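Descriptive structure summary
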Amino acid sequence: MILLTDLEKIEDMYPELSFWGIEVNHPAYHGSIFGKEVYINTLQDSLDWLVTALHEISHYENDYGHFNNLRLRGTLEAEGWAVRESKVRMKAILGKKYDFYKVN
Ligand SMILES: [Zn+2]
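None of the values given here were measured: they were computed from a predicted structure. (Residues numbered from 1 in each chain as written. Predicted model: local features only at pLDDT ≥ 70, side-chain atom pairs only at ≥ 80, totals over all residues.)

What about the overall build of the protein?
Using the following cut-off: Secondary structure elements follow DSSP: runs of H or I no shorter than four residues count as helices, runs of E no shorter than two count as strands, and numbering proceeds from the N terminus. Partly exposed residues are those whose C-beta has more than 12 but fewer than 20 other C-beta atoms within 10 Å; 20 or more makes a residue buried and 12 or fewer makes it exposed, with C-beta atoms placed from the backbone.
Scanning the protein for helices and strands turns up three helices and three strands. Beginning at the N terminus, the succession of helices and strands in the protein can be written as α-β-β-β-α-α. Within the protein, buried positions represent 23% of all 104 residues.

So this is what it looks like as structure tokens:
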């Protein structure tokens, strides 16, 4: 499957990170990163896995502190940045194949 190959491509770019698929039955949950462990909700569609992987990688490379507390202003700014960054990286790494996919 093409999408799985693309996810492997992303994983290969970050050998220091471990990627795990987990099933979380909640429509708003896409994934998380704890240290160097990236968790991706496999109950989302496979395109979402790619965006989530890149989103969590953005946190890994750029964020500081504890980002599970959404009440913190810094967390909200980091989230917005990671959302935008994941879109940019998707295009940079995977080309125009997913241009149809609009990240909010
Ligand atoms: Zn995030």
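Observations regarding the pairing of strand β2 (residues 31-34)
Spelled out, the test is: DSSP-based pairing: two strands are paired if at least 2 bridges between them are found.
Here β2 shows a clear split, with Gly31 and Ile33 buried on one side and none of Ser32 and Phe34 buried on the other. Counting the residues between successive antiparallel strands, the hairpin from β2 to strand β3 (residues 37-41) contains two residues, one of them, Gly35, with a positive phi of roughly 65 degrees.

Looking at the sheet that holds β3
For the record, the criterion: Fitted lines through C-alpha atoms give the axes, limited to the stretch in contact for helices. The angle between two N-to-C directions lies from 0 to 180 degrees. Contact between two residues is assigned whenever their backbone-derived C-beta positions fall within 7 Å.
Here we have three strands laid out as an open sheet, ordered β1-β3-β2, and mixed in their pairing. Two strands in the sheet have a free side with no partner beyond their single neighbour: β1 (18-22) and β2. This sheet shows a mean twist of 20 degrees between the axes of neighbouring strands, independent of strand direction. Direction of pairing for β2 relative to β3: antiparallel, over a ladder of four bridges. Directly across from Ile33, in β3, lies its bridge partner Val38. Along the sheet, helix α2 (residues 46-62) makes contact with β1, β2 and β3, crossing β2 at roughly 30 degrees.

Here we look at the environment of Glu37
Relative to the elements of secondary structure, Glu37 occurs in strand β3. According to the C-beta neighbour criterion, Glu37 is exposed, with 12 such atoms within 10 Å.

A word on the pairing of β3
With five bridges joining them, β1 and β3 adopt parallel strand pairing. Of the residues in β3, the one forming a bridge with Ser18 is Glu37.

With respect to the nonpolar core
Going by this rule: As used here, a nonpolar core is made of buried Ala, Val, Leu, Ile, Met, Phe, Trp, Tyr and Cys residues. They are joined through C-beta atoms within 7 Å.
If you look at the biggest cluster of nonpolar residues, it comprises 13 residues, and the most contacted ones within it are Leu50, Ala53 and Leu54. Only α1 (2-13), β3 and α2 provide two or more residues apiece to this core. Ranked by residues supplied to this core, first place goes to α2 with six residues. Among residues more than four places away in sequence, those in contact with Leu54 are Ile10, Ser86, Arg89 and Met90.

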